[in-house]
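What follows is the residue order along each chain.
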Amino acid sequence: MTSEEMTRKVKELSGQNPYLCMQCGLCSASCTGIGVMDLLPRQVMRFLQLGKEEILKNRSIWMCTTCLICTARCPRGIDIARVMEALRTINLRKGNDILAPEDVPAELLAEIPQMALTSGFRKLSA
Amino acid sequence: MGIPYFPGCTLHVKAKGLDDSTRATLAALGLELTELPEWTCCGTAFPLAQDNYMGMVASARILAKAAKEGDGRLVTVCSFCYNVLKRVNFALKNNDEARTKLNAYLEENYNGELRVLHPLELLRDDLGFDSLKTRVDRKLKGMKVACYYGCMLSRPAKEMEFGEPENPALMEEFVKAVGAEPVDFPYKTKCCGSYQVLNNYDLVAGRVKDILKAARVRDSEVIITSCPLCQFNLDWLQDRFADEDKSFSKIPVLYFTQLLGIALEISVAKLGLDNHYVDPKPLLQAG
Ligand code: SF4
Ligand code: SF4
């Protein structure tokens, strides 16, 4: 995927314009993924503005919990969670995913509520 | 005929206590629920890719069927079900493309007319918190409660209409009505890590520690929620935290309907209080 294709696809899937981002960092400061994400949402936005396709291979997009704190706070009105989902979706539609059923430990599987499985596999599995 | 009710998959299995306590408490207060005659999983997570209508079909089907009950309302209590049903309903009402495509898939003609309601809204609007105050048998006087909304109830604010996206107040009003004391809880809409429990233990453990610490700083005796996944994440990790750190003190995590059941003196067996990791029974002695 070329950088132009990626930018077009992200805009189309998310309905958001990454160029509106002014790099204030409020989304990163608020993000649930702090501490485990290698690139926080502000950096993800910057990679998109610069058209760097390597953002598609980034781990952070798989750490997002779609909690919408970033979306609620962005002073530029960007629905950042939709941008993260667009990056996941491009991957998932090519069969690139992060979560396989056999990765879930049996002890956890025995205890975890059903909706965690449905939502987790919907977001993280192709 | 009670108000149409969608329990959702988790409430029939792992979060049976939420289902049982919701039905028992609302019935005790004269708000009878009637389970939809047939239903499926709601899909749990609202799809955020603009073209992903397939991710909305399950919810749309439930909504279209529920509308045929003729009540005009649909009650659901799990925060995930509530979020996705409400967002899909919003899309059916306000997004022409979503309405056309989903109705074409389902061979229905449903346009988002239902009101999707959370039991907290029923308690506020149909019973009234002033009336609830007079109905509680056992005032939970002085019990300090941290109201944990998580990420699903109040966001996005425009669609959920559940108060401020980061500072809703409905659960606190409810806690006051049952005679307990809501603490100031800045982490109330922070995310617990959610389904990342399947993928990234460190993420969830980190967020849960932050939330429990914020609750404890305010001397909370109990955390309440309406989300089976928040309940699970906040509850099951505490044993492990206690093993790792001898100074860690556990805090029970209940469904708000279980707290209501305690206030109404509904028998413990009907409230599912036995199914939590951190034993909430000591709370029953308090007050
Ligand atoms: S909060 Fe909005 S404007 Fe600020 S860095 Fe994040 S995306 Fe950009
Ligand atoms: S929705 Fe994702 S990117 Fe935004 S704050 Fe939550 S975890 Fe971070």
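Residues numbered from 1 in each chain as written. Chains lettered and ligands numbered in written order. Predicted model: local features only at pLDDT ≥ 70, side-chain atom pairs only at ≥ 80, totals over all residues. Heavy atoms only, no water.

A tally of helices and strands in chain A yields seven helices and zero strands. Secondary structure elements of chain A, listed N to C terminal, follow the sequence α-α-α-α-α-α-α. Taking 2.2 N^0.38 as the reference for a compact globule, 126 residues should give roughly 14 Å; the C-alpha atoms of chain A span a radius of gyration of 15 Å, in line with that estimate. Dimensions of chain A along its principal axes, counting C-alpha atoms only, are 45 × 30 × 25 Å. Residues classed as buried in chain A amount to 54% of the 126 residues present. Across chain A, the fraction of contacts at a sequence separation of at least 24, relative to all contacts at a separation of at least 6, is 66%. A total accessible area of about 5500 Å² is found for chain A, and carbon and sulfur atoms account for 52% of it. For chain A, the separation between the mean place of its 16 positive charges and that of its 13 negative charges on side chains is 9 Å. (Helix = DSSP H or I, 4+ residues; strand = E, 2+ residues; numbered from the N terminus. Rg over C-alpha atoms; globule rule 2.2 N^0.38 Å. Buried < 20%, exposed > 50% of the residue type's maximum accessible area, 1.4 Å probe, protein only. Contact = heavy atoms within 4.5 Å. Areas by Shrake-Rupley, 256 points an atom, 1.4 Å probe, with all protein chains shown as cover. Lys, Arg positive; Asp, Glu negative; His and termini not counted. Charge placed at Lys NZ, Arg CZ, Asp CG, Glu CD.)

Once that is clear, we can look at the packing of aromatic side chains. Residue and element names in this part refer to chain B. Inspection of the entire model under this criterion finds eight aromatic pairs over all chains. With 5.7 Å between their ring centres and 70° between their planes, Y82 and F162 make a pair best called edge-to-face. On the criterion of sequence distance, the pair formed by Y82 in helix α4 (residues 79-94) and F162 in the loop between α8 (157-160) and α9 (170-177) is long-range, its members being 80 residues apart. Its relative accessible area of 0% is what places Y82 among the buried residues. On the accessibility criterion, F162 (4% relative accessible area) is buried. Measuring from ring centre to ring centre gives 5.1 Å for F232 and W236, while their planes differ by 10°; the resulting arrangement is stacked. (Phe/Tyr/Trp six-rings, centres within 6.5 Å; stacked < 30°, edge-to-face > 60°.)

When pLDDT is low, close inspection of the predicted coordinates is not appropriate. Taken over all residues, the pLDDT of chain B has a mean of 96, while the share at 70 or more is 99%. Model confidence for the complex: the whole-complex pTM is 0.97, and ipTM, which rates the interface, is 0.96. (pLDDT = per-residue confidence, 0-100.)

Turning to the layout of surface pockets, a few remarks are in order. Space inside the largest pocket adds up to approximately 430 Å³. Considering the residues around the largest pocket, the lining is formed by 24 residues, among which D79 and R82 of chain A together with F46, R87 and E159 of chain B are closest to the centre. If one sorts the elements of the lining of the largest pocket by residue count, α4 of chain B sits on top with four residues. Residues of the lining of the largest pocket, tallied by class, amount to twelve nonpolar, six polar and six charged. When residues of the lining of the largest pocket are sorted by domain, at least three fall in each of domain 1 (3-119) and domain 2 (134-286) of chain B. One number sums up the size of the second largest pocket: a volume of about 300 Å³. (1 Å grid on protein atoms, 1.4 Å probe; cavity = no way out; pocket = protein on both sides within 12 Å on 5 of 7 lines; lining within 4 Å. Points joined across faces, edges and corners; volume = space filled by probe spheres on them. Nonpolar A, V, L, I, M, F, W, Y, C, P; charged D, E, K, R; others polar. Domains from an automatic or database assignment.)

The next subject is the sheet that holds strand β7 (residues 222-225) of chain B. Residues and elements named next belong to chain B. Strands sit in the order β6-β5-β7-β8 across an open sheet of four strands; the sheet is parallel. Two strands in the sheet have a free side with no partner beyond their single neighbour: β6 (181-182) and β8 (253-255). Note: β7 against β8, three bridges, orientation parallel. Residue T225 lies in a different strand from β8, and its bridge partner there is Y255. The sheet strands contacting helix α12 (residues 256-263) are β5 (144-147), β7 and β8, and the helix crosses β8 at an angle near 80°. (Pairing = 2+ DSSP bridges. Axes fitted to C-alpha atoms, helices over the stretch in contact; angles between N-to-C directions.)

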